[in-house]
Amino acid sequence: MPGLSRADLHVHSIYSQQPSEWFLRKIGCYESYTPPSQIYRLAKQRGMDFVTITDHDVIDGALEIAHLEGAFVSEEVATRFPEDDCVIHVVTLNISENQHREIQKYKDNIFELVGYLHELRIIFRCQKCNPFNY
């Protein structure tokens with residue numbers, strides 16, 4: 001179909017060292033053992049037009065490939081509902097290093113985080129939110 005692009009918007013690299021699943025944490029596993037350069041190469045081989053890495057609360061993997069054609073910086077943020085401390089993950093897409101630093105300041109409260117993302121029109125997706133809000 002003309003005008004459509006392909007990208008996998010939820011990929012972890014070796015920088016996701018704090019997995020969300022309790023059983024992986026229990027046995028000391030990372031979320032992924034794949035280097036960013038390999039993620040980029042495989043994504044391009046599989047026909048992806050754009051490549052991003054959404055590691056948990058870090059952008060190191062995405063920064064390693066950011067200079068490559070079609071790559072952009074993203075991250076998966078573990079945030080919380082303030083009333084019960086319930087954790088929820090929010091994928092933020094196409095962010096800058098400065099925005100990442102600001103996101104980390106807001107991640108303890110999902111309402112503040114989502115407000116910040118809306119204010120800057122950052123595209124995001126979370127388990128309980130409408131798809132790809134901004």
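Scroll up to find the structure.
This one's a predicted model, so the numbers in the text were calculated from it and none came from an experiment.

Conventions and cut-offs
Residues numbered from 1 in each chain as written. Predicted model: local features only at pLDDT ≥ 70, side-chain atom pairs only at ≥ 80, totals over all residues. Heavy atoms only, no water. Core = buried A, V, L, I, M, F, W, Y, C linked by side-chain atoms within 4.5 Å. Buried < 20%, exposed > 50% of the residue type's maximum accessible area, 1.4 Å probe, protein only. Helix = DSSP H or I, 4+ residues; strand = E, 2+ residues; numbered from the N terminus. Salt bridge = Lys/Arg side-chain N within 4 Å of Asp/Glu carboxyl O. Axes fitted to C-alpha atoms, helices over the stretch in contact; angles between N-to-C directions. Parallel < 35°, antiparallel > 145°, perpendicular 65-115°, else oblique. Contact = heavy atoms within 4.5 Å. Nonpolar A, V, L, I, M, F, W, Y, C, P; charged D, E, K, R; others polar. Polar contact = N/O pair within 3.5 Å; in protein donor to acceptor, adjacent residues only side chain to side chain.

Asker: Before we go on, may I ask you to explain the nonpolar core in this structure?
Answerer: The tendency in soluble globular proteins is for nonpolar side chains to be buried as a group. In this structure, Ile65, Val90, Ile95, Ile103, Leu113 and Leu117 are the most contacted members of the largest nonpolar core, which totals 25 residues. Mapped by element, the contributors of at least two residues to this core are helix 2 (36-45), strand 1 (51-53), helix 3 (60-65), strand 2 (71-73), strand 4 (87-93), helix 5 (110-119) and strand 5 (123-126). It is helix 5 that contributes the most residues to this core, five residues altogether.

Asker: Hey, could you run me through unusual backbone geometry in this one?
Answerer: Trans peptide bonds make up the majority, and among non-glycine residues the majority have a negative phi. The backbone phi angle of Asp57 is positive, close to 60°, even though this residue is not glycine. With respect to the helices, strands and loops of the structure, Asp57 is situated in the loop between strand 1 and helix 3. Unusually for a residue other than glycine, Asn94 sits at a positive phi of about 60°.

Asker: Would you mind going over the pattern of salt bridges with me for this structure?
Answerer: Any two side chains of opposite charge can pair, so long as their charged atoms come close to each other. Taken as a whole and judged by the stated rule, the model has three salt bridges. Note that Asp85 is salt-bridged to Arg80, the shortest N-O span being 3.6 Å. Among the ionic pairs, Glu102 bridges to Lys105, the shortest N-O distance being 2.9 Å. Here Glu102 pairs with Lys105, and both are found in helix 4 (residues 97-106), just three residues apart, close to one helical turn. The class for Glu102 is buried, based on a relative accessible area of 19%.

Asker: Looking at this model, I keep getting lost on the packing of helix 4 against helix 5. Mind explaining?
Answerer: At a minimum axis separation of 8 Å, helix 4 and helix 5 run at an interaxial angle of 150°. Taken together, the axis directions place helix 4 and helix 5 in an arrangement best described as roughly antiparallel. For the pair formed by helix 4 and helix 5, the contact residues are Gln99, Glu102, Ile103 and Tyr106 on the first element and Glu112, Leu113, Tyr116 and Leu117 on the second. The residue makeup of the contact of helix 4 with helix 5, split by class, is five nonpolar, one polar and two charged.

Asker: Hey, could you run me through the side chain of Asp57 in this one?
Answerer: The exposure class assigned to Asp57 is buried, which follows from its relative accessible area of 17%. There is a polar contact of 3.1 Å between the side chain of Asp57 and the backbone nitrogen of Ala78. In contact with Asp57, other than residues within four places in its own chain, are Glu75, Glu76, Val77, Ala78, His100, Gln104 and Lys107.

The quantities given are spatial measurements derived from coordinates; they are silent on function.
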